[in-house]
Amino acid sequence: MNAFLEIRNLCVTLKGGAPILRNVSLSVSAGQVHGLVGESGAGKSMIGKAVLGTLPRALAVTRGEIWLDGVDLQTLRPAERRRRIGASAALIPQDPLTALNPARRIGPQITRRLVDILGWSRADAEARALELLAEVQIPDPARVMRSYPHELSGGMRQRILIAAAFAAEPKLIIADEPTTALDVTVQKQILRLIADMQTRHGTALLFVTHDLGVVSKVCDTLSVLYAGKVVEEAQMRRFFMHPIHPYSAALLAATPSYKDPEGSLTPVPQSVIDQVEREVTDHDRRAGL
Amino acid sequence: MYQVRDLRLSFPDMTRKPLFGAAPRIEILRGLSFDVSKGAVLGIVGGSGSGKSTLGRTMLRLLEPTGGSITFNGRDITHLEEDALRPMRAQMQMIFQDPMSSLNPRRQVGGIIAGPLRVQGHDGIPAKVTEALDMVGLPRSFANRYPHELSGGQRQRVGIARAIALRPEFILADEIVSGLDVSSQAQVLNLLQELVRELGLTLAFISHDMSVIRRLCDQIIVLYQGEIVEQAQTADLFAAPQAEYTRTLLDAIPLPDPDQVWA
Amino acid sequence: MRDARGDVKRPIGLRLWLSGGWLILLVLAALLAPWIAPQDPLAQDLFTSRLPPFWEAGAEPGYWLGSDSLGRDVLSRIIHGARLALIVALVAGTLTCVIGTALGLIAGYYRGWPDRIISRFVDIWMAFPPVLFAILLIAVLGTGLTSIIIAIVVIDWTRFARVIRAEAMTQGAMDYVASAQVAGRKRMGTMLTEILPNVLPTIIALLTLEMGIAVIVEAILSFVNLSISTDSPTWGGMISEGRTSVHQAWWVLVFPLITLFLTVLSFSQLGEGLKDRFDPVLR
Ligand SMILES: Nc1ncnc2c1ncn2[C@@H]1O[C@H](COP(=O)(O)OP(=O)(O)OP(=O)(O)O)[C@@H](O)[C@H]1O
Ligand SMILES: Nc1ncnc2c1ncn2[C@@H]1O[C@H](COP(=O)(O)OP(=O)(O)OP(=O)(O)O)[C@@H](O)[C@H]1O
Ligand SMILES: [Mg+2]
Ligand SMILES: [Mg+2]
């Protein structure tokens, strides 16, 4: 096996029965970017959480394997699993404000991982944090290190979490909509930074996003998710040239482009929704749910 | 509807506060002037940290300006006390940038949407709540979920539902579609357009997404480090961007096209 | 969009069972003390002095946990002592909680001058060493149930005020509070309907902890003989008496100690257990 992260037939259900993820399989190799797109509420964030073992209490993995660096995480004891995940993976969470502790200054929140888990000295960690904040284009990093989360703009908080995820140079980064609050120029620089880090460290990246424009710039492969089911898995170029599944095609068609202001805003048509819904129902019936 | 003149706002910089005496102040907004006319859609774009959300909060008087003036419906609200503002609150709403923190974690979605309606003394609240959920495309059963039981995009739509349920005259929408998939985006944007067209809603729309801005807005202001660097009609701005910064912004937009030159 | 909501049954955890069970037992014992106590807790009888607990040789039926040097039944004294301990825990705990929480919420949410006044006051207050403060207070107020309760409240409200202030400040910076303001809610209303539910878990945790602390403080004061008149049995009084005769009659010391320990532990675990069970955010 050569993929750094490989998910096979992952099923996550709500305790009480209803499925959230339906037989999801995907893999991300070192140095590669795998995109994850799909309807809001389809379960993209839950895939990341399942990998990191941080699913909400109401959800549980009921079936499937998650291989991280050649080890099936499901077979490990909880403590060992946490150690492995902590040492090699990092998350850029979707919700910056809740991910940061509102009562603490930014500085220690970035350096904590370096100091506590990787055993860096405080001074080294601080220098590294300053450097990273500058790399993610934050003006006046020294001030930001001493600020509280609510004193920063949405995009600055998001970049702080990006910096925090990069700090420990993990082998796998799960980025959950990491650039939603960034303007396009900063976004461009961040994406370049990510690419740069990948070539230097061979980081594997699972990239959740709604922005197909971004997908077309950074991803090598991608999966399209609907109601917790992968409806299409594709090479990036192929996806944009000939999307196979009608839902993928509809997503592409619904993507607004500033180049063409006249095109109407079309949600995915009902006929396509009906078709995927049918597929999902079929799947559930076969799986005996 | 809104007249903003030479608006200034500064925060005390607590991180540089000397042991004794006042902290030095950092200027966030440096003299902004613009108008929003009734029924118009104003797009506000600008770099991250350029002061867009702060401008929004100041327009709703969650923050008090340190200079300049804001007039809402002909009334100067620049330094109005909260008690005097309260009767006007029903007319101006804001949808916040961070969906999770703008929803009370220990309240169910139904209660969150009903809250402002109750404060403003509306009746027929349950019907209005379900209507608002329908409009933003959330199942009605979501009314008894807690915010942490929703996905990011679903939370964002709860915030939208809360604001539109009140049917205010003015909504300031801070980055409200960035967390939605393109299909839900289209749905929400169509909804807003409909409200603007049919109910005469006035909208200030903060966004990073130029394609969305182009679809929705009549007028655009471009902020850069707390100053307006460009102010134009939408068509003009896209046809011939004046400011250097606007051009950089337009050039950096990633199009859904793998062959775009974007380096 | 599909709707699937988890139906998570939240069992009453072991923690809640054990701590709740013990406290309910204690409350029942305290309420029914005159009827269930096997002996009169004050009756002295030299013929029954220093009887061992029931499983040791020389024990007498009716004196299940033995008797002290004056021949008073240990079990009956523990049961009657529970009355005082619980009254102190409930009344002192609740009063401390209400006063501290109210001041903490106001300071943390309103900020500005109310905060400056309250915080300064808390700082000055906390500069006094608490035990000395308590002894001083009792010396002034005289011994008795009311003075114990007043002493506990006066000393401990600052703990609530400080923690709740910090918590209210954190919550106050959240956008849902700004959102309530945009909706036109009054500040007082926002504090009570938006902030309070979110600091409630902290309040409950502190309250149950405080009840445990109140029991200990009462015991300590009895121990140094500053509590209620020595007539009515108190756990602290029993411990202090038992200490002198621990070599001849260990049970006089050990049983009240165990009871005290279990009670304090149960109070602190109750808080955690309630949170597990009822806080929606943990679902
Ligand atoms: N604790 C919970 N109880 C019930 N349902 C939940 C819970 N947590 C998540 N869900 C549901 O699980 C589904 C998947 O959520 P997830 O956060 O993975 O969506 P997502 O694909 O990341 O969407 P978005 O793009 O909007 O962030 C959603 O429909 C959500 O409502
Ligand atoms: N309470 C505060 N105290 C001090 N500085 C603040 C405070 N709130 C905001 N700022 C500063 O004001 C500046 C502008 O913030 P604002 O949130 O308005 O940016 P924005 O344009 O909305 O950016 P984004 O697109 O990233 O959300 C930032 O530099 C931020 O650090
Ligand atoms: Mg998500
Ligand atoms: Mg902002």
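Notes on the structure follow.

About the thresholds
Residues numbered from 1 in each chain as written. Chains lettered and ligands numbered in written order. Predicted model: local features only at pLDDT ≥ 70, side-chain atom pairs only at ≥ 80, totals over all residues. Heavy atoms only, no water. Helix = DSSP H or I, 4+ residues; strand = E, 2+ residues; numbered from the N terminus. Rg over C-alpha atoms; globule rule 2.2 N^0.38 Å. Buried < 20%, exposed > 50% of the residue type's maximum accessible area, 1.4 Å probe, protein only. Contact = heavy atoms within 4.5 Å. Areas by Shrake-Rupley, 256 points an atom, 1.4 Å probe, with all protein chains shown as cover. Lys, Arg positive; Asp, Glu negative; His and termini not counted. Charge placed at Lys NZ, Arg CZ, Asp CG, Glu CD. Near = heavy atom within 4 Å. Polar contact = N/O pair within 3.5 Å; in protein donor to acceptor, adjacent residues only side chain to side chain. Donors = N, O, S within 2.8 Å, 3.2 Å for Na, K, Ca; no water. Nonpolar A, V, L, I, M, F, W, Y, C, P; charged D, E, K, R; others polar. Buried area = accessible area lost by both parts, 1.4 Å probe. Salt bridge = Lys/Arg side-chain N within 4 Å of Asp/Glu carboxyl O.

## What about the overall build of chain B?
Within chain B, the secondary structure is distributed over 9 helices and 10 strands. In terms of overall dimensions, chain B is globule-like: its C-alpha atoms have a radius of gyration of 19 Å, near the 18 Å expected for 263 residues. In terms of its C-alpha atoms, chain B occupies a principal-axis envelope of roughly 55 × 50 × 40 Å. Across the 263 residues that make up chain B, the buried fraction comes to 61%. Taking as baseline every contact in chain B between residues at least 6 positions apart, the subset at least 24 positions apart corresponds to 63%. A total accessible area of about 9600 Å² is found for chain B, and carbon and sulfur atoms account for 49% of it. Distance between charge centres in chain B, computed from 27 positive and 29 negative side chains, equals 7 Å.

## Some thoughts on the site of ligand 1
Not every one of the 22 residues close to ligand 1 is listed here, only the nearest: Lys44, Ser45 and Gln94 of chain A together with Ser151 and Gly153 of chain B. In this structure, ligand 1 is bordered by residues of chains A, B and C. Separating a nitrogen atom of ligand 1 from a backbone N or O atom of Glu149 of chain B is a distance of 3.4 Å. Separating an oxygen atom of ligand 1 from a backbone N or O atom of Gly153 of chain B is a distance of 2.6 Å. Protein coverage of the free-state accessible area of ligand 1, which is 640 Å², stands at 97%. Looking at the shell around ligand 1, the elements with two or more residues in it are α1 (44-52) of chain A together with α5 (152-165) of chain B.

## Some details on the coordination of the magnesium ion (ligand 4)
Residues and elements named next belong to chain B. Each protein donor to the magnesium ion (ligand 4) is listed here as Ser53 (OG) and Gln97 (OE1); together their distances run 1.9 to 2.2 Å. Residue Ser53 is found in helix α1 (residues 52-59), and its partner Gln97 is found in the loop between β6 (92-95) and α3 (109-119); the two are separated by 44 residues along the sequence. What makes Gln97 buried here is its relative accessible area of 17%.

## Observations concerning the site of ligand 2
The full set close to ligand 2 counts 20 residues, and Ser153 and Gly155 of chain A together with Lys52, Ser53 and Thr54 of chain B are the nearest of them. At 2.9 Å from an oxygen atom of ligand 2 is found a main-chain nitrogen or oxygen belonging to Gly51 of chain B. Coverage of ligand 2 by the protein chains reaches 89% of its 640 Å² of free accessible surface. Elements with a contribution of two residues or more to the shell around ligand 2: α7 (154-167) of chain A together with α1 of chain B. By residue class, the composition of the shell around ligand 2 is 5 nonpolar, 12 polar and 3 charged.

## Points about the interface of chain A and chain B
Contacts between chain A and chain B engage 55 residues on the former and 55 residues on the latter. Carbon and sulfur atoms make up 60% of the area that chain A and chain B hide from each other, which totals about 4500 Å². Contact with chain B buries surface across chain A, with Lys217, Tyr258 and Leu265 of chain A losing the most and accounting together for 18% of the total. Here chain A and chain B share 2 salt bridges between them.

## Details of the pattern of salt bridges
Per the stated rule, a full pass over the model turns up 33 salt bridges over all chains. Measuring nitrogen to oxygen at the nearest pair gives 3.7 Å for the salt bridge that ties Arg8 of chain B to Glu27 of chain B. Within this pair, whereas Arg8 of chain B is found in strand β1 (residues 2-12), its partner Glu27 of chain B is found in strand β2 (residues 25-36), the two being separated by 19 residues in sequence. When its relative accessible area of 35% is taken as the criterion, Glu27 of chain B is described as partly exposed. A salt bridge links Asp156 of chain C to Arg159 of chain C; the shortest N-O distance between them is 3.1 Å. Of the two residues, Asp156 of chain C and Arg159 of chain C are both situated in helix α6 (residues 145-172); the distance of 3 residues between them amounts to about one turn of the helix. Overall, the relative accessible area of 9% leaves Asp156 of chain C in the buried class. Among the residues examined, Arg159 of chain C registers a relative accessible area of 29% and is labelled partly exposed. One salt-bridge network, held together by shared partners, links Glu6, Arg8 and Glu65 of chain A.

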